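Next come the chains, spelled out residue by residue.
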Amino acid sequence: MPDTATRRISALDVLRFLTELVAVGSLALWGFLAWSLPWNIVAGLGAPALAILLWALFVSPKAVFAVHPFIRIVVELLIFLSATLAWWALGQPWIGLAVGVVSVAVGVAVARRNVA
């Protein structure tokens, strides 16, 4: 039997997953609230779907494309920036700022752990 090392899920992994969920949820909320019918359905489903697609292609641990870590960080930051701007567009800049700060802090901690 081959020796396979399994990595345990840490609190940092849970926080990263939660920030991802908040970003996708923020984009969905923005899409449904910022637009009128029928565009709210398109934006409410399309914006989070695009973020999930980008995450799966470039950022996820099992990403489809193996890209340079700098590209991964840029894509991740763009997704979190879009979630932050979505809250600002909804007239909630403090929530947007909180989402951005927490997401970037968790992202930096994850990047530092992966480098070390």
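Since we're looking at a predicted model, the values are computed, not measured.

Regarding the environment of R7
With respect to the helices and strands, R7 occurs in the segment before helix 1 (11-34). Of the residues examined, R7 reaches a relative accessible area of 59% and is grouped as exposed. Taking the C-alpha atoms as reference points, R7 and V108, separated by 101 residues in sequence, lie 20 Å from one another. In this structure R7 touches D13 and R113, once residues within four positions along its chain are discounted.

Some details on a nonpolar patch on the surface
Taken together, F70, I71, V74, L78, L81, L85, W88, W94, L97 and V101 make up a surface patch of nonpolar side chains, about 1000 Å² in accessible area. For the nonpolar patch, the secondary structure elements donating two or more residues are helix 3 (69-89) and helix 4 (93-115).

Definitions and cut-offs
Residues numbered from 1 in each chain as written. Predicted model: local features only at pLDDT ≥ 70, side-chain atom pairs only at ≥ 80, totals over all residues. Heavy atoms only, no water. Helix = DSSP H or I, 4+ residues; strand = E, 2+ residues; numbered from the N terminus. Buried < 20%, exposed > 50% of the residue type's maximum accessible area, 1.4 Å probe, protein only. Contact = heavy atoms within 4.5 Å. Patch = residues over 30% accessible without salt bridge, like charges linked within 9 Å, V, L, I, M, F, W, Y side chains within 5 Å. Areas by Shrake-Rupley, 256 points an atom, 1.4 Å probe, with all protein chains shown as cover. Salt bridge = Lys/Arg side-chain N within 4 Å of Asp/Glu carboxyl O.

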